[in-house]
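Here is how the chains run, residue by residue.
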Amino acid sequence: MQTLESLGYTVFFEEDLSSLENFIFQRQYSQILILVDRNTNDHCLPVLQAAIPSITDYDIIEIDPGEENKNIDFCIGVWKTMLDFGADRKALMINLGGGVVTDMGGFAASTFKRGIDFIQIPTTLLSQVDASVGGKTGIDLDNVKNIIGTFTQPQAVFISAKFLETLDERQIRSGFAEIIKHGLIQDSGLYEKCKDVNLNDIDTSLIKRSVEIKNNVVLKDPTEKGLRKILNFGHTIGHAIEGYSLYNDSNPLLHGEAIAIGMICEGFLSYKLNGLSGEELEDLTTLFLERYTPYTYTSDQYDSFIELMKNDKKNEDNKIGFALLKEIGHAEYNIYVNRDDIVEALNYYLSKTK
């Protein structure tokens, strides 16, 4: 077992969740609630149940999978179910799932009766290296991602590579984009390693290193007043494209797929506005285009994209804020970009995918 200390809690890296049962017993909770979606109920809940054989008294709350369900209506359903189960302030919520479950479950727990304890057990690569660590909880409003939420730390995070066996290659690829991002913003060695990774065999050490990078940033800036904004590289444009796709495409982009587009576009902005070399821009562009299927959009959609960017949480004084690269392995934040440059970045992506 390996562990990592975060903001008052521990991240456990262990295949069989062997520390979980004792962790729960020590805290003497009045009730245990387990939040799952249909997929994790079928494929991941048996792993959790095997790890807590002495704990048989718990209630399961099931939601529909998918980002389109990470909204206030589904969250109200979770709160109502918690009420139906008679949950009190000494109850524990275990969030077993990907980013939708950990984001919304954390938000539901952090606000129910002004807050109950929760544990994150992320089951996708994306949630293991991103959503479950750092204390951000949230839901989407309309097509604006994570615009409603809290900063609330879990009691613990348990990460097991065993859950990755339940994922298809597209889900693995989506999570892998965040690992690449962590290399781009703080560890050029990790970025170089990503070029040779076999997505069918993600090394646990790769997950741990990615989590370490995010955790080190979060420890220095828990509530995103400064440095933590570098974790949003690729996300200003990427979130806008993801939100647009969610409501307009029959097969919407996954988070990592949209962020890969965003990182190419924001890599261009880094080159134009923040000193990233042309060679490094070409290098990261090549890596993402080799790993991710091109996405088709036209200039007719630019207004919609930019309207979504205007709702980004990093904006100040009606200016669209970005985290941009200075070089591979080093990012800077609070860089505000005008519409013309954003359009040029969107055009750059299209020029590379023709």
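Residues numbered from 1 in each chain as written. Predicted model: local features only at pLDDT ≥ 70, side-chain atom pairs only at ≥ 80, totals over all residues. Heavy atoms only, no water.

You'll find the chain entered in an unreviewed UniProt entry as 3-dehydroquinate synthase, with Sphingobacterium olei given as the organism. UniProt annotates the chain under Function (unreviewed entry) with the comment "Catalyzes the conversion of 3-deoxy-D-arabino-heptulosonate 7-phosphate (DAHP) to dehydroquinate (DHQ)." (UniProt positions renumbered as here; feature names shortened; annotations may be inferred.)

K.L.:
Give me the lowdown on the domain arrangement of the chain, citing residues and values where you can.
P.N.:
Taken domain by domain, the chain comprises domain 1 (2-166) and domain 2 (169-353). A C-alpha centroid distance of 26 Å is found between domain 1 and domain 2. Of the roughly 2800 Å² buried between domain 1 and domain 2, counting both surfaces, carbon and sulfur atoms make up 68%. Sorting the residues of domain 1 by area buried against domain 2 places Leu-125, Val-129 and Lys-145 first, and these three jointly supply 21% of that buried surface. For the interface between domain 1 and domain 2, the tally reads three salt bridges. (Domains from an automatic or database assignment. Buried area = accessible area lost by both parts, 1.4 Å probe. Salt bridge = Lys/Arg side-chain N within 4 Å of Asp/Glu carboxyl O.)

K.L.:
Run through the UniProt feature "domain: 3-dehydroquinate synthase C-terminal" (unreviewed entry) in the chain, naming residues and quoting values.
P.N.:
In this numbering, the UniProt entry assigns the feature "domain: 3-dehydroquinate synthase C-terminal" (unreviewed entry) to residues 175-315. Secondary structure across residues 175-315 divides into 65% helix and 0% strand, with the first and last C-alpha atoms of the span separated by 25 Å. (Helix = DSSP H or I, 4+ residues; strand = E, 2+ residues; numbered from the N terminus.)

K.L.:
A description of the side chain of Ser-110 should follow, citing residues and the corresponding values.
P.N.:
Relative to the elements of secondary structure, Ser-110 occurs in helix H5 (residues 99-111). Judged by its relative accessible area of 12%, Ser-110 is buried. For Ser-110, the side chain forms a polar contact with the side chain of Thr-150, separated by 3.0 Å. Leaving out residues up to four positions away in the same chain, Ser-110 has contacts with Gly-115, Thr-137, Thr-150 and Thr-152. (Buried < 20%, exposed > 50% of the residue type's maximum accessible area, 1.4 Å probe, protein only. Polar contact = N/O pair within 3.5 Å; in protein donor to acceptor, adjacent residues only side chain to side chain. Contact = heavy atoms within 4.5 Å.)

K.L.:
Which residues make up the packing of aromatic side chains, and what are the values?
P.N.:
All told, the structure shown has 12 aromatic pairs when counted by the stated rule. Note on Tyr-295 and Tyr-297: the rings are 6.3 Å apart at their centroids and 50° apart in plane angle, and the pair reads as tilted. With respect to class, Tyr-295 is no different from Tyr-297; both count as buried. Ring geometry for Tyr-297 against Tyr-349: centres 5.8 Å apart, planes inclined by 15°, an arrangement best described as stacked. With a gap of 52 residues between them, Tyr-297 in the loop between helix H12 (278-291) and helix H13 (302-309) and Tyr-349 in helix H14 (residues 339-353) connect regions that are remote in the sequence. For the pair Tyr-297 and Tyr-349, a shared accessibility class is recorded, and that class is buried. Every member of this aromatic cluster is reached through a ring pair, and the members are Tyr-244, Tyr-295, Tyr-297, Tyr-302, Phe-305 and Tyr-349. (Phe/Tyr/Trp six-rings, centres within 6.5 Å; stacked < 30°, edge-to-face > 60°.)

K.L.:
An account of the state of the cysteines is needed here, citing residue identities and associated values.
P.N.:
Scanning the entire structure with this criterion turns up zero disulfides. Cys-265 forms no disulfide, and the closest cysteine sulfur to it belongs to Cys-194, at a distance of 20 Å. (Disulfide = S-S within 2.5 Å.)

K.L.:
Account for the packing of H12 against H14, naming residues and giving values.
P.N.:
Running from amino to carboxyl end, H12 crosses H14 at an angle of 60°, the nearest separation of the two axes being 11 Å. Classified by the angle their axes make, H12 and H14 are oblique. Both H12 and H14 take part in a crossing whose hand is right-handed. Contacts from Leu-281, Glu-282, Thr-285 and Leu-289 of H12 reach H14 at Tyr-348, Tyr-349, Lys-352 and Thr-353. Looking at side-chain class alone, the contact of H12 with H14 contains four nonpolar, two polar and two charged residues. (Axes fitted to C-alpha atoms, helices over the stretch in contact; angles between N-to-C directions. Parallel < 35°, antiparallel > 145°, perpendicular 65-115°, else oblique. Left-handed = near helix turned anticlockwise from the far one by under 90°. Nonpolar A, V, L, I, M, F, W, Y, C, P; charged D, E, K, R; others polar.)

K.L.:
Residue-level account of the pairing of strand E3 (residues 31-37), with values.
P.N.:
Among the seven residues of E3, seven are classified as buried, and the element is accordingly described as predominantly covered. Side-chain alternation along E3 places Gln-31, Leu-33, Leu-35 and Asp-37 on one buried face and Ile-32, Ile-34 and Val-36 on a second face that is also buried. When E3 meets strand E5 (residues 91-97), the two strands line up parallel, connected through five bridges. Bridged to Ile-32 within E5 is Leu-92. Pairing of E3 with strand E4 (residues 59-63), which is carried by five bridges, proceeds in the parallel orientation. Across the sheet, residue Leu-33 finds its bridge partner in E4, namely Asp-59. (Pairing = 2+ DSSP bridges.)

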